[in-house]
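Breakdown of the fold
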Amino acid sequence: MQRVLRFFAKAIMKKYQPEVIAVTGSVGKTSTKEAIYSVLASTYNVRTNFKNYNNEIGIPLTIIGSESGGRSAPKWLLVIWRACRLLVKKDKQYPNILILEMGADHPGDIKYLADFVPIRVAVVTAVAPVHLEFFETLDQVAKEKANLVKVVPKSGYVVLNHDDPLVIRMREKTNAQVMTFGLTTGADISGSEIAISHDVDYKDISTIQGISFKLIYAGKVIPVLLPKILGEHLVYTSLAAISVGIIYELNLHTIIASLKNFEPPRGRMHIIAGIKNTLLIDDTYNSSPLAATKALYQLSRINVGQSRKKYAVLGDMLELGRYSEQAHLEIGAAVAQYKIDYLVTVGERSRDTVRAAIKGGLGKDRCFSFDEAQSAGLFLQDRISQGDAVLIKGSQGMRMEKVVKELMAEPQKAGELLVRQGPEWI
């Protein structure tokens, strides 16, 4: 089926010739893809990946415009029928721009996708220790991601994270025009003065509006508000999207207004109201050392007042290979460094997280470990108090969304607010 889908995707691309914006990186791919979509959708006819379709099967399905047939032969026949119809009869509604997230679990994945998808704009978010079971070093991860920028033609653009040394080095691998984004001096598009924005009282977590920052570009300084977002690392996501908007010659004010509609996908630093008037930060889609550290930093930045507490609820980080123990120890050290009040872990690997947190100064009586997520959620129902802030994060396989469901004020909305709520996950 993979070869069949590739054949049809290649033929459809040749017939309709949409411009392709490809997004890759170890972290932040999906959020960046969605932010770019928010920026361009008001002006262009755009399509982005369905669900998490970012591999050799998912990319062709997105190009065709169909969901996976799963284990159903009739559904796969419908996918093929739709592909044939696109080739036989011109679809006037076919997108002008495809925004495609491209993942890489194994060496060669990016090269495979880039070989049959012509790319006008390539965006690289970051290089971090993810999927190290198959990539032994960070340099190997960077090498795989760099395969994307190599195929962009001279007339195209490469958008790079200026603050990531392994990413910015990729500018040497392309003949395309390069645009950089970041928070440090030297980036073409940069941000500064990042703050958690409140509508009333900065000491009351219920008044949090989101993240605000100053955009700096071509001598201009413009304030930006990202409502419903609680994650300073998502400023990078927004800067990448702004870069693409500029490439497509959109007005800066139009771009910033469009970003107000941007919400990261479910399970990615979503603000959810919790029981007892608590604040839940739902970051349960997946986890990696870099993403977990950034999430913990964000939790540390929230002002909850002296009588309220901060909880880090962390599940195992998977697919880290021989780096696993070190990674979990580093996260535990970060919990202590950021002075999080309580640590609750799920999974055997995260016992290393507890060990490092205690070594860093967190009291043993403030650390709790569980074998599975729901038990942790039930435990926290009795522990948390009004005004507490709770970060929940872990790899997909740990099902940390079950913790959120136990703690959210309106569990009947789990289907629309949380990840992995379909029947295939039950």
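This text gives an overview of the structure that appears in the document.

About the cut-offs
- The numbers attached to residues start from 1 for each chain and follow its sequence in the written order.
- With the structure being a predicted model, the display of local features is reserved for residues of pLDDT at least 70 and the display and counting of side-chain atom pairs for 80 or more, all residues being used for whole-chain, interface and lining totals.
- Side-chain numbers come from the whole structure's heavy atoms, not from hydrogens or water.
- Note on definitions: angles span 0 to 180 degrees between N-to-C directions of axes, and those axes are lines fitted to C-alpha atoms, for helices only across the stretch in contact.
- Comment: elements are numbered from the N terminus, with helices defined as DSSP H or I runs of at least four residues and strands as E runs of at least two.
- Note that the term roughly parallel is reserved for angles under 35 degrees, roughly antiparallel for angles over 145, roughly perpendicular for angles of 65 to 115, and oblique for everything else.
- Here is the rule for handedness: rotate from the far helix to the near one, and if that takes an anticlockwise turn smaller than a right angle the crossing is left-handed, while a clockwise turn gives right-handed.
- Residues are treated as being in contact if the distance between any of their heavy atoms lies within 4.5 Å.
- Ten residue types, Ala, Val, Leu, Ile, Met, Phe, Trp, Tyr, Cys and Pro, are classed as nonpolar, four, Asp, Glu, Lys and Arg, as charged, and the remainder, Gly among them, as polar.
- Under the pairing criterion, centres of Phe, Tyr and Trp rings, with the six-membered ring standing for Trp, must be within 6.5 Å; the plane angle then separates stacked pairs below 30 degrees from edge-to-face pairs above 60, leaving the rest tilted.
- Exposed residues in this analysis have more than 50% of their type's maximum accessible area, buried residues have under 20%, and partly exposed residues fall in between, with area computed by a 1.4 Å probe over protein chains only.
- A ring is considered to have a charge above it if a Lys NZ or an Arg CZ atom is located within 6 Å of its centre and within 35 degrees of its normal.

Overview of the packing of helix 8 (residues 234-247) against helix 9 (residues 252-259)
- Contact geometry for helix 8 and helix 9: axes closest at 10 Å, N-to-C directions at 140 degrees. Of the possible angle classes, the one that applies to helix 8 and helix 9 is oblique. In this structure, helix 8 meets helix 9 at a crossing whose hand is right-handed. On helix 9, the residues that touch Ser238, Ala241, Ile242, Gly245 and Ile246 of helix 8 are Leu252, Ile255 and Leu259.
- Of the residues assigned to the contact of helix 8 with helix 9, the class counts are six nonpolar, two polar and no charged.

Regarding the side chain of Thr237
- You can see Thr237 is positioned in helix 8.
- Not counting the four nearest positions on each side in its chain, Thr237 is found in contact with Gly28, Ser31, Thr32, Ala35 and Phe262.

Here's the deal with the packing of helix 2 (residues 29-40) against helix 9
- It is at 8 Å that the axes of helix 2 and helix 9 come closest, and there the two elements cross at 125 degrees. Between helix 2 and helix 9, the angle falls in the class oblique. Crossing geometry of helix 2 relative to helix 9 is assigned as right-handed. Contacts between helix 2 and helix 9 involve Ala35, Ser38 and Val39 on the former and, on the latter, Ile255, Ser258 and Leu259.
- Along the lines of polarity and charge, the residues of the contact of helix 2 with helix 9 split into four nonpolar, two polar and no charged.

Topic: the packing of aromatic side chains
- For the structure shown, the criterion picks out nine aromatic pairs.
- Pairing Tyr44 with Tyr248 gives two aromatic rings, centres 5.5 Å apart and planes at 70 degrees, and the pair type is edge-to-face. Taken together, the residues span a long stretch of sequence, with Tyr44 in the loop between helix 2 and strand 2 (46-48) and Tyr248 in the loop between helix 8 and helix 9 at a distance of 204 residues.
- When its relative accessible area of 6% is taken as the criterion, Tyr248 is described as buried.
- Taken together, the aromatic side chains of Phe368, Phe370 and Phe379 make up a single cluster linked through ring pairs.
- Taking the ring centre of Tyr112 as reference, the NZ or CZ of Arg6 above it sits at 4.8 Å.
- Over the ring of Tyr236 we find Lys294; its NZ or CZ atom is 5.4 Å from the centre of that ring.

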